[in-house]
Amino acid sequence: MSLTVAAPAGRTRTTPRGWWRAYLLMLRFDLSSQRVWLPMSVILQVLLGSGTAVIYGFYIPHLPARAVQFLVTGAPTAALIPVGLVMLPGLISQQRTAGTFDFVWSLPIPRSAGVASTLTVATLSALPGLVITLVLAGWRYGIELAVSPSVVPAVLLTALMSSSVGLAMAHLIGNPLVVNLITNVLVFVVLLFSPISFPLSQLPDWLADAHQVLPLYHMAVVVRAGLSDGLVHDVGTSYLVLLGWTVASWLGTSWVVTRRR
């Protein structure tokens, strides 16, 4: 497969047509090179998402109806997080160690096309696991959800935000060992200390205040708003927070990409 579609990044200006062709070629390259990673990402999503919902039911066998709603509507968010915040940084760290990362950056294509391809694959790969997780969690607790059209932009934004933050973290932190340590810690933070499967009011004030700034709580809010009626409020603020994290992540990634030779 040829990737010689434009001059190396930073030397000449790429036309929109050339950029689009480079993006499609990189998309094909990423899908081919990640054919083993993609099924594993779906498995991890289902284990973390539906597993989080089901295991609370083991702790407390007779959950109130509202608690069950929070568990089921929080499961998709728990499923979205592993791909962007855990597996994507881990994949890039593995590429750094194997030398694949430097090879991709040396290809004669715009680096922005490669970054866009990575974000596309990571974002879309989060969707199958989310659907499976939601079906399993709903079946386990036997509840019907009030699904609205707003769930589509909510899911796409949360998946994109998660992938953007993971990509920025992998680029800004050059040491693969540090990246892997952070991603491993994030798994426990998501499972134990994030108001994804329970209300924010259950946390101590200082931790609840921290989650007003961090994206995890707001991911759960926008997705839950598309799956239920009356469980969450002030959804607009959560959208703004997620957009802020997404844009900040793009700026961080762009800063690294444009300065690396």
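Cut-offs used in this document
- Residues numbered from 1 in each chain as written.
- Predicted model: local features only at pLDDT ≥ 70, side-chain atom pairs only at ≥ 80, totals over all residues.
- Heavy atoms only, no water.
- Buried < 20%, exposed > 50% of the residue type's maximum accessible area, 1.4 Å probe, protein only.
- Helix = DSSP H or I, 4+ residues; strand = E, 2+ residues; numbered from the N terminus.
- Arc of directions from axis to C-beta.
- Core = buried A, V, L, I, M, F, W, Y, C linked by side-chain atoms within 4.5 Å.
- Contact = heavy atoms within 4.5 Å.
- Phe/Tyr/Trp six-rings, centres within 6.5 Å; stacked < 30°, edge-to-face > 60°.
- Lys NZ or Arg CZ within 6 Å of the ring centre and 35° of its normal.
- 1 Å grid on protein atoms, 1.4 Å probe; cavity = no way out; pocket = protein on both sides within 12 Å on 5 of 7 lines; lining within 4 Å.
- Points joined across faces, edges and corners; volume = space filled by probe spheres on them.
- Nonpolar A, V, L, I, M, F, W, Y, C, P; charged D, E, K, R; others polar.
- Polar contact = N/O pair within 3.5 Å; in protein donor to acceptor, adjacent residues only side chain to side chain.
- Axes fitted to C-alpha atoms, helices over the stretch in contact; angles between N-to-C directions.
- Parallel < 35°, antiparallel > 145°, perpendicular 65-115°, else oblique.
- Left-handed = near helix turned anticlockwise from the far one by under 90°.

Chemist: Could you give an account of helix α8 (residues 205–213), with specific residues and numbers?
Modeler: Along α8, the residues classified as buried are Leu207, Ala208 and His211. For α8, the buried positions fall inside an angular range of 100° around the axis, keeping them on one side. Within α8, the exposed residues directed more than 90 degrees away from the buried face are Asp205, Trp206, Asp209 and Val213.

Chemist: Could you give an account of the nonpolar core, with specific residues and numbers?
Modeler: Ranked by size, the top nonpolar core spans 56 residues in total, and within it Trp37 and Ile81 carry the most contacts. Only α1 (16–33), α2 (37–59), α3 (65–98), α4 (100–106), α5 (111–141), α6 (151–172), α9 (215–227) and α10 (235–259) provide two or more residues apiece to this core. If one sorts the elements of this core by residue count, α3 sits on top with 13 residues. Sequence-distant contacts of Trp37, that is, excluding residues within four places in its chain, are made with Val83, Met87, Leu88, Leu91, Val121 and Ser125.

Chemist: Tell me what's going on with the packing of aromatic side chains, and back it up with residues and numbers.
Modeler: All told, the structure shown has 3 aromatic pairs when counted by the stated rule. Plain terms: the ring middles of Trp19 and Tyr23 are 5.6 Å apart, the flat faces sit at 5° to each other, and that makes the pair stacked. Of the two residues, Trp19 and Tyr23 both sit in helix α1, 4 residues apart, roughly one turn of that helix. Seen in terms of ring centroids, Phe29 and Phe103 are 6.5 Å apart; in terms of plane orientation they differ by 45°. Their pairing is tilted. Of this pair, Phe29 sits in helix α1 while Phe103 sits in helix α4, and the two are 74 residues apart along the sequence. Overall, Phe103 belongs to the partly exposed group, its relative accessible area being 44%. Counting every residue linked through ring pairs, the aromatic cluster contains Trp19, Trp20 and Tyr23. A cation sits over an aromatic face here: Arg140 above Tyr141, 4.8 Å from the ring centre.

Chemist: Please provide a residue-by-residue account of the layout of surface pockets, values included.
Modeler: One simple way to see leftover space: roll a probe sized like a water molecule over the atoms. Estimates place the volume of the second largest pocket at around 340 Å³. Asp30, Gln95, Phe101, Val104 and Thr118 are, among the 24 residues lining the second largest pocket, the residues nearest its centre. Taken together, the elements giving at least two residues each to the lining of the second largest pocket come down to α1, α3, α4, α5 and α6. A total of 5 residues in the lining of the second largest pocket trace back to one element, the largest contributor, which is α3. Considering only residue class, the lining of the second largest pocket consists of 14 nonpolar, 8 polar and 2 charged.

Chemist: Lay out the side chain of Thr158 in plain terms, naming residues and giving numbers.
Modeler: Its location among the elements puts Thr158 in helix α6. On the basis of relative accessible area, Thr158 is assigned to the buried category, the value being 0%. Within polar-contact distance, the side chain of Thr158 engages the backbone oxygen of Ala154 at 2.9 Å. Residues contacting Thr158, with those up to four places away along its chain left out, are Leu80, Met219, Val222, Val223 and Leu242.

Chemist: Just give me the short version of the environment of Ser33, but keep the residues and values in it.
Modeler: By secondary structure assignment, the location of Ser33 is in helix α1. Among the residues examined, Ser33 registers a relative accessible area of 43% and is labelled partly exposed. Within polar-contact distance, the side chain of Ser33 engages the backbone oxygen of Asp30 at 3.2 Å.

Chemist: Lay out unusual backbone geometry with the relevant residues and their values.
Modeler: Unusually for a residue other than glycine, Asp234 sits at a positive phi of about 55°. Note on placement: Asp234 falls in the loop between α9 and α10.

Chemist: Account for the packing of α1 against α5, with residues named and values stated.
Modeler: Where α1 meets α5, the axes come as close as 8 Å, and the angle between the chain directions of the two elements is 45°. In terms of orientation, α1 and α5 fall into the oblique class. Between α1 and α5 lies a crossing whose hand is right-handed. Contacts between α1 and α5 pair Trp19, Ala22, Tyr23, Met26, Leu27, Asp30 and Leu31 from the former with Ser112, Ala113, Gly114, Ala116, Ser117, Thr118, Thr120 and Val121 from the latter. The class makeup of the residues in the contact of α1 with α5 is 9 nonpolar, 5 polar and 1 charged.

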